[in-house]
Amino acid sequence: MNIRKNTFSGLGLKLLVASFFAFSSSYSQTRIEIALTDNWKFFRGANEKAFEKNYNDRDWKSVKVPHDWAISGPFDKEIDKQMVAITQNGETKPTEKTGRTGSLPYTGEGWYRNTLKIPALKKGQRTLLLFDGAMSEPRVYLNGKLVGQWNYGYNSFYLDITDQALTGELNSLAVHLSNRPKSSRWYPGAGLYRNVHLIIKNEQSIEQWGVSITTPVINDQQAKVNIKTRVTGENIRLVTQILDAQGKELISANTNQLFGQEFDQNIAVKDPNRWSPEHPYLYTAVSKVYEGDVLKDEVKTRFGIREIKYEANKGFSLNGQVRKFKGVCLHHDLGPLGTAINTAALRRQLTILKDLGCDAIRSSHNMPSPEQLELCDEMGFMFLAESFDEWAKPKVENGYHLYFDTDAEKDVVNLVKANRNHPSIVMWSSGNEVPDQWGAEGVKRAKWLQDIFHREDPTRPVTVGMDQVKATMESGFGALLDVPGLNYRVHLYPEAYEAFPQGFILGSETASTVSSRGIYKFPVVKGADKQYPDLQSSSYDLEYCSWSNVPDDDFVLQDDKPWVIGEFVWTGFDYLGEPTPYDEMWPSRSSYFGICDLAGIPKDRYYLYRSRWNKDKPTLHLLPHWNWEGREGETTPVFVYTSYNSAELFLNGKSLGIQKKSKDTPQHRYRLMWNDVKYMPGTLKVVAYDDAGRPAAEEQVVTAGKPHHMVLEADRKEIAADGKDISFVTVSVVDKDGNPCPTASMSLKFDVKGEGVFKAVCNGDATSLESFEQPTMKLFSGKLVVLVQSTTKSGDITLHVTGPALESSKIKLQSAAVETL
């Protein structure tokens, strides 16, 4: 990914224009890139004249980009209500689905307008507009003329607007977006939800996404770094510097040998630091184009030195070490922020997943954002970059099948070219559960897409998430893939392994266990498609879908079968839309699949995965909570998720026995369970023992008294004063002794003072119809999360939280000035 040399965001039009001219002299020989963040006007609806150069948009809403027009709500069951049979779930008869796409107003048309003053360009310079994603079907107008369009809302694309731009004058930029109903299976968001960039560069320059870096040879002494650089112009030469992680130059190479319009360099890096999740070391290639001694262009590209292999009967290896993916699938929405990209929210997600022990992400079922990939490079996550949820055969009436024949190749090309230098990406996915798995035409499409990926990037394999496993065995669909990916179907793993020639199987989508944070149902019985009057799912983690399973079933395969190369759990976080098992029941409007809830608060299941995945820190987690007034004397099973092999349970000081992990059942292998505990209020404590039988850790839950006050905990107390950064403050209600009140559900109010603003709030309840953007919300299972965003001024920020019969609480935050390149 190209690192932007000069990025100016959060600037008003006057400052934006001034920045152009201020830098036009000192940077006149190289490129300028500006993030078009401010001064956008937005209108929701159809407008036949909004593209015109002199259209009066004064009464339109002022917004900043990235922007999701639908997340403000309100929730409405009639929005995108679909009468459909979800064939992926085994349904055969259509039924009414009210919350399938989140019940938020994403459908319809929208317009964005901005005004740009582009400095007078020297002869031969070029002006580009780069869109990281626009939902959806963007049509881009400059000065009243259509300058370009795209269809797929998840993809990056760029337009050369040099010929249409009026230099030295005001330019009118208008973007029309249209989201059709019945176009998605989840909440897709709406609008300019990813960043938009204006790029000015010389004619003699590096093409957009024109740098391709691979590391074909690596050993302890040196790494061969191959850099291909596509350029425009003649009589030029290329100088490439390799910098280490601290910015120190390691080596420099230059060439004037062009092959067509491409330079091809092989550069040796001595004593290479290999990139891995445990050691995400990044180098930077600085590519400089010269005409004689005059610098014409400069692009910085971060990359990693790493080796990936997929081998029969051995599996996946990174840098020569065999390992299994401990991955999660992520939808692109960010909970209460909707789909509007935000680096702080992405970083928080990845920080939570890092503590889980997760080392891999699957972008399901869409193309990832640049920011997500950059963070995965930095923080150490392997990445499975997915492309499509549909090919030529439809899942939904107005889905990607409408564009597949005309757009699929260019969409894949852009995906690969824009993202190929990210060391985090270790695999591409050309599709997910596509109906084309059936029949010969589907096999041809799978091969066609895989060939395009191979042509554009011969260094990474391609997979497809297959749910029709029997069909893919018979048709040859699964056999032709580089990596056969199975979505669920754990009972078919051995048969697929024998049938497919690759010699390994990837769990491309696993588990789909459902749960609601802090909610427990009795009796505790493992089962599929369980439903309850309150539209919640039990957090004992034994409930799943007719087509899926509980986590323990996947653990057995991962641990016992060396040819299973890892898994991507559905999902890391709850997401908007797809409220299985309550697709037909209002007001459910978001998923129950997450290891963490929609607010980013870990569910109990988080600790089940952590007990297996996190090898650096021990795990000991006790459930359920211990506030069960009215259940005195009734059976209330107690589960412990732990990395230790045995533990002893105590209720009010009395031992209820020691449990040890065993292979009797998958649950006994990975959980410690006391199924006959009779509820009595008091203190429930677990003591874990190490392999020598010595006490190693303990955890307890206490029957809480009446709610008394709140505890406020920020993920970061210092944030950047850039108008974008966010502190996520978890609010928990406790009794007078500080014990969490797990059933508290009162409504709280929030007020932010100082150099910050209230941005959003979320409680993780999949049935809540309260607005994310109003400063009030009910607690869910005693907790919620408040999002506080910085302004562009540094200073103190105070969040004040109040609630009925509770002592008010405050937390002080700080915003600090950031340096601008």
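An account of the accompanying structure is given in this report. (Residues numbered from 1 in each chain as written. Predicted model: local features only at pLDDT ≥ 70, side-chain atom pairs only at ≥ 80, totals over all residues. Heavy atoms only, no water.)

## Some details on the environment of Lys248
At step 1: Within the secondary structure, Lys248 sits in the loop between β16 (237–243) and β17 (249–255).
At step 2: We classify Lys248 as exposed; its relative accessible area is 57%.
At step 3: Sequence spacing of Lys248 and Thr284 is 36 residues, and the spatial spacing of their C-alpha atoms is 9.6 Å.
At step 4: Sequence-distant contacts of Lys248, defined by excluding residues within four places in its chain, comprise Ile242 and Leu243. (Helix = DSSP H or I, 4+ residues; strand = E, 2+ residues; numbered from the N terminus. Buried < 20%, exposed > 50% of the residue type's maximum accessible area, 1.4 Å probe, protein only. Contact = heavy atoms within 4.5 Å.)

## A short note on the packing of helix α9 (residues 551–560) against helix α10 (residues 604–613)
At step 1: Here α9 crosses α10 at 10°, and the two axes come no closer than 12 Å. When the axes of α9 and α10 are compared, the pair comes out roughly parallel. Together, Pro551, Phe555, Gln558 and Asp559 of α9 and Arg605, Leu608, Tyr609 and Arg612 of α10 make up the contact between the two elements.
At step 2: Class assignment for the residues of the contact of α9 with α10 results in four nonpolar, one polar and three charged. (Axes fitted to C-alpha atoms, helices over the stretch in contact; angles between N-to-C directions. Parallel < 35°, antiparallel > 145°, perpendicular 65-115°, else oblique. Nonpolar A, V, L, I, M, F, W, Y, C, P; charged D, E, K, R; others polar.)

## Re the pairing of strand β19 (residues 262–270)
At step 1: Inspection of the sheet shows strand β15 (residues 222–232) paired to β19 by nine bridges, in the antiparallel sense. Among the inter-strand pairings, Ile227 is bridged to a residue of β19, identified as Gln265.
At step 2: Here two bridges tie strand β18 (residues 258–259) to β19, and the two strands are oriented antiparallel to one another. Pairing of Phe259 across the sheet is with Glu262, part of β19.
At step 3: Linking two consecutive strands that pair antiparallel, namely β18 and β19, is a turn of two residues; a positive phi of about 70° is found at Gly260 within it. (Pairing = 2+ DSSP bridges.)

## Things to note about the packing of aromatic side chains
At step 1: Overall, the coordinates contain 43 aromatic pairs when judged by the stated rule.
At step 2: Ring centres of Tyr488 and Trp547 lie 5.0 Å apart, and the angle between their planes is 65°; this geometry places the pair in the edge-to-face category. Here Trp547 lies in the loop between β33 (543–544) and α9 and Tyr488 lies in the loop between β30 (483–487) and α8 (493–499), a separation of 59 residues in the sequence. Both residues of the pair, Tyr488 and Trp547, count as buried.
At step 3: Grouped by ring-pair contacts, the aromatic residues Tyr152, Tyr154, Phe388, Trp391, Tyr400, Tyr403, Phe404, Trp448 and Phe477 constitute a single cluster.
At step 4: The ring of Trp150 carries the charged tip of Lys410 above its face, separated from the ring centre by 4.5 Å. (Phe/Tyr/Trp six-rings, centres within 6.5 Å; stacked < 30°, edge-to-face > 60°. Lys NZ or Arg CZ within 6 Å of the ring centre and 35° of its normal.)

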